[in-house]
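A closer look at the structure
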Amino acid sequence: MRIGVRTAIALVALLTAPAANAADVRVMISSGFHGAYSELAPAFERATGNHLITIRGPSMGDSPEAIPARLVRGEEADVVILDGGAADELVKRGLVQGDSKVELARSLIGMVVREGAAKPDIASVDALKNTLLAAKSIAYSDSGSGTYLSTVLFAKLGVADQIAPKSRKVRGPPSGEPVAAVVARGEAEIGFQQVAELIHVPGVTLVGALPADVQPNFSFAGVLTKTAHEADAARALLGFLSSREAALAVTKAGLKPPSDR
């Protein structure tokens, strides 16, 4: 889906008064919303004349590329787009402007297997538990979804100790790769990540989303940093990404628009 220039211009005009001069807007973004952002960003640039400088990194975790680590080191950004819970943590740490937070999408955690492999049953919580115990190897991300799995879900299911020796945490982009790429190469039998990060990777089959009872109800949100130099342009970007006109691109990327409850 490509948003037309006229539609984008009209939308941005409604969201904010146009800036006198084009701005360079620095955007730090995690992988989960990056597919939708990549589709929408060119329309925003054409409509406004602004230039988006994009820096990628995980929403959380111990990677030096993680967005919180980048901000703590003093890397400059006008706006960050990441897991909604991680955004709230940045507010608590005084790194972003809490009153600027905008929800951009809802997200589900899913599971993949290598293309051609049998699809295990994860339709219920008990079935998911049995699949985890039966799997020879498991991969999950080093960001929001993997943090939830490794620190909450596996313990809740009572399988943390049993699956720890056969589990692998995968470092994501920019220096790493999606979990699905590891599964596609046969280096893990099953892999978990947000559905939006799984569905466009070749060589895997999406088994489905985790059962509703154990979904963490993830969201992606955008928020301005405390040191934002281009605040007006950053607010316009968030308004654009959360608009109804952007919903088709959000859905195409494997996410649910904010209005789709």
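What counts and what doesn't
- Each chain has its residues counted from 1, following the order in which its sequence is written.
- Two thresholds apply to this predicted model, a pLDDT of at least 70 for residue-level local features and 80 or more for giving and counting side-chain atom pairs, whereas whole-chain, interface and lining totals are computed over all residues.
- The side-chain numbers reported here are obtained from all heavy atoms of the structure, hydrogens and water having been left aside.
- Helix and strand definitions follow DSSP, with helices as H or I runs of at least four residues and strands as E runs of at least two, each counted in order from the N terminus.
- All radius of gyration figures rest on C-alpha atoms, and the globule criterion is 2.2 Å times the number of residues raised to 0.38.
- Burial classification: accessible surface area is computed with a 1.4 Å probe over protein chains only, and a residue below 20% of its type maximum counts as buried, one above 50% as exposed, and the rest as partly exposed.
- Whether two residues are in contact is decided by their heavy atoms, any of which lying within 4.5 Å being enough.
- Note on areas: Shrake-Rupley with a 1.4 Å probe; residue coverage comes only from the protein chains shown.
- Note on charges: Lys and Arg go in the positive column, Asp and Glu in the negative column, and His and the chain ends are not counted at all.
- For this purpose, a charge sits on NZ of Lys, CZ of Arg, CG of Asp or CD of Glu.
- Per residue, pLDDT measures the predictor's confidence, with a range of 0 to 100.
- In this description, strands pair whenever DSSP reports at least two bridges between them.
- Here an axis means a line fitted to C-alpha atoms, over the contact stretch when the element is a helix, while the angle between two N-to-C directions is reported on a 0 to 180 degree scale.
- Any Lys or Arg side-chain nitrogen located within 4 Å of an Asp or Glu carboxyl oxygen qualifies as a salt bridge.
- Only rings of Phe, Tyr and Trp enter the pairing, Trp through its six-membered ring, and a pair is recorded when the two centres are within 6.5 Å. The plane angle decides the type: under 30 degrees is stacked, over 60 is edge-to-face, the rest tilted.

Brief notes about the overall build of the protein
- Of the regular secondary structure elements, the protein holds 11 helices and 10 strands.
- Here the C-alpha atoms of the protein give a radius of gyration of 19 Å, agreeing with the 18 Å that 2.2 N^0.38 yields for 261 residues.
- Principal axes of the C-alpha set define a box for the protein whose edges measure 60 × 35 × 30 Å.
- Counting only residues that meet the buried cut, the protein has 52% of its 261 residues in that class.
- Considering only contacts in the protein between residues 6 or more positions apart, those separated by 24 or more positions represent 78%.
- Here the protein displays about 11600 Å² of accessible surface, and carbon together with sulfur accounts for 51% of that area.
- Here the protein carries 27 positive and 27 negative side-chain charges, and the mean point of each set is 2 Å from the other.

Brief notes about the confidence of the model for the protein
- Chain-level pLDDT for the protein is 90 on average; 91% of the residues reach the 70-or-more range.
- Every residue in residues 14-19 is under pLDDT 50, and counting partners more than four places away or in other chains gives 4 contacts.

So, the sheet that holds strand S2 (residues 51-56)
- Taking strand neighbours across the sheet as the criterion, the 5 strands line up as S2-S1-S3-S10-S4 in an open arrangement whose pairing is mixed. Bordering the open sheet on either side are S2 and strand S4 (102-107), each of which pairs with just one other strand. Across the sheet, the mean angle separating the axes of adjacent strands is 20° when strand polarity is ignored.
- Summarising the sheet, strand S1 (residues 24-29) and strand S3 (residues 79-83) pair through 3 bridges and their orientation is parallel. Paired with Val 27 across the two strands is Val 79, which belongs to S3.
- Across the sheet, helix H4 (residues 84-92) touches S3 and strand S10 (218-224), and the angle it forms with S3 is around 130°.

A few points about the pattern of salt bridges
- For the structure shown, the criterion picks out 10 salt bridges.
- For Glu 187, the salt bridge is made with Arg 168, and the minimal N-O distance between the two is 2.9 Å. Separated by 19 residues along the polypeptide, Glu 187 in the loop between helix H8 (179-184) and strand S8 (190-194) and Arg 168 in strand S7 (residues 167-170) bring together distant segments of the chain.
- A salt bridge links Arg 235 to Asp 232, with the nearest nitrogen and oxygen atoms 3.5 Å apart. With Arg 235 and Asp 232 both in helix H10 (residues 231-241), this residue pair falls 3 residues apart, about one helical turn.
- When its relative accessible area of 54% is taken as the criterion, Asp 232 is described as exposed.
- Where salt bridges share partners, they join Arg 168, Glu 177, Arg 185 and Glu 187 into one cluster.

A look at the packing of aromatic side chains
- Applying the stated rule across the entire model yields 3 aromatic pairs.
- Here the aromatic rings of Tyr 140 and Phe 154 are separated by 6.0 Å at their centres, their planes lie at 70°, and the arrangement is edge-to-face. With Tyr 140 in strand S6 (residues 138-141) and Phe 154 in helix H6 (residues 144-156), this pair connects stretches of sequence that are 14 residues apart.
- Their ring planes at 80° and their centres at 6.4 Å tell us that Tyr 148 and Phe 218 sit as a pair that is edge-to-face. Separated by 70 residues along the polypeptide, Tyr 148 in helix H6 and Phe 218 in strand S10 bring together distant segments of the chain. Considered together, Tyr 148 and Phe 218 belong to a single accessibility category, that of buried residues.

Notes on the sheet that holds S8
- In spatial order, the strands read S7-S6-S8-S5-S9; together these 5 strands make up an open sheet with mixed pairing. This sheet does not close on itself; its edge strands, each paired only once, are S7 and strand S9 (204-209). Direction aside, neighbouring strands of the sheet carry axes that sit 25° apart on average.
- Of the strand pairs in this sheet, strand S5 (residues 109-114) and S8 are connected by 5 bridges, and their pairing is antiparallel. Note that in S8 the partner of Val 113 across the bridge is Ile 190.
- In the packing of helix H5 (residues 125-134) onto the sheet, the strands contacted are S5, S6 and S8, and the crossing angle to S8 comes to about 130°.
- H6 rests against S5, S6 and S8 of the sheet, and its axis sits at about 120° to S6.

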